[in-house]
Amino acid sequence: MKVLVVDDSKAARELLCATLEELPDTEVTEAVSGFDALKVLPRHQFDLIITDINMPDINGLELINFVKKNPSYRDVPLFILSSENKEQDKQRGLALGAAEYLTKPFEPPHLLELVKRHLGLGDQQAV
């Protein structure tokens with residue numbers, strides 16, 4: 001499974017990567033901004049994208065809009081993980097096509113459960 005993690009916070013990326021790498025056969029690629037994600041996307045085939053909202057240059061909502069309009073990526077599940085807990089951000093993200101909206105700090109077991117559910121991983125055990 002290949003996951004793209006997009007967040008301008010190094011600490012958030014590190015925590016997400018460590019959490020996701022508990023799943024077997026998981027490869028995580030990091031992007032430090034929405035613009036960085038747009039450069040990385042054509043070079044890989046991702047199974048899941050997890051993005052923050054508040055980032056420099058292209059924000060997470062703009063990134064979702066791009067991904068969901070592009071035939072090459074529109075079927076890739078996309079999660080929002082943000083410190084923003086406003087209902088309007090959640091509604092906008094889900095309306096754009098995000099599969100899940102999580103707020104920071106996140107609970108790693110909950111995130112892993114959502115990843116398994118969206119990717120059909122069943123009851124794979126974390127390593």
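As shown above, the structure is provided for reference.
Residues numbered from 1 in each chain as written. Predicted model: local features only at pLDDT ≥ 70, side-chain atom pairs only at ≥ 80, totals over all residues. Heavy atoms only, no water.

Trainee: Would you explain the packing of aromatic side chains in this entry?
Mentor: Any pair of aromatic rings gets described here by the distance separating the centres and the angle formed by the planes. In this structure the tally under the stated criterion is one aromatic pair. With 6.3 Å between their ring centres and 40 degrees between their planes, Phe 66 and Tyr 73 make a pair best called tilted. Judged by its relative accessible area of 12%, Tyr 73 is buried. (Phe/Tyr/Trp six-rings, centres within 6.5 Å; stacked < 30°, edge-to-face > 60°. Buried < 20%, exposed > 50% of the residue type's maximum accessible area, 1.4 Å probe, protein only.)

Trainee: Looking at this model, I keep getting lost on the sheet that holds strand β2 (residues 27-31). Mind explaining?
Mentor: Sheet strands pair by backbone hydrogen bonding; their relative direction is either parallel or antiparallel. As summarised here, the arrangement of the five strands in space is β2-β1-β3-β4-β5, forming an open sheet in which the pairing is parallel. The two strands at the open ends of the sheet, each matched to only one other strand, are β2 and β5 (100-103). Neighbour-to-neighbour, the strand axes of this sheet turn through a mean angle of 20 degrees, independent of strand direction. Contacting β1 (2-6), β2, β3 (48-51) and β4 (78-82), helix α1 (residues 10-20) runs over the sheet at an angle of about 170 degrees to β2. On top of the sheet, helix α5 (residues 108-119) reaches β3, β4 and β5; it is set at about 170 degrees to β5, its chief contact. (Pairing = 2+ DSSP bridges. Helix = DSSP H or I, 4+ residues; strand = E, 2+ residues; numbered from the N terminus. Axes fitted to C-alpha atoms, helices over the stretch in contact; angles between N-to-C directions. Contact = heavy atoms within 4.5 Å.)

Trainee: I would appreciate a short explanation of the nonpolar core in the present structure.
Mentor: A general feature of soluble globular proteins is that nonpolar side chains tend to end up buried together. If you look at the biggest cluster of nonpolar residues, it comprises 21 residues, and the most contacted ones within it are Leu 4, Val 6, Leu 41, Ile 49, Leu 63, Val 67 and Ile 80. Elements supplying a minimum of two residues to this core: β1, α2 (34-40), α3 (60-69) and β4. No other element matches α3, which puts four residues into this core. Listed in part, the 19 residues of the second largest apolar core include Val 3, Leu 48, Leu 81 and Leu 112. (Core = buried A, V, L, I, M, F, W, Y, C linked by side-chain atoms within 4.5 Å.)

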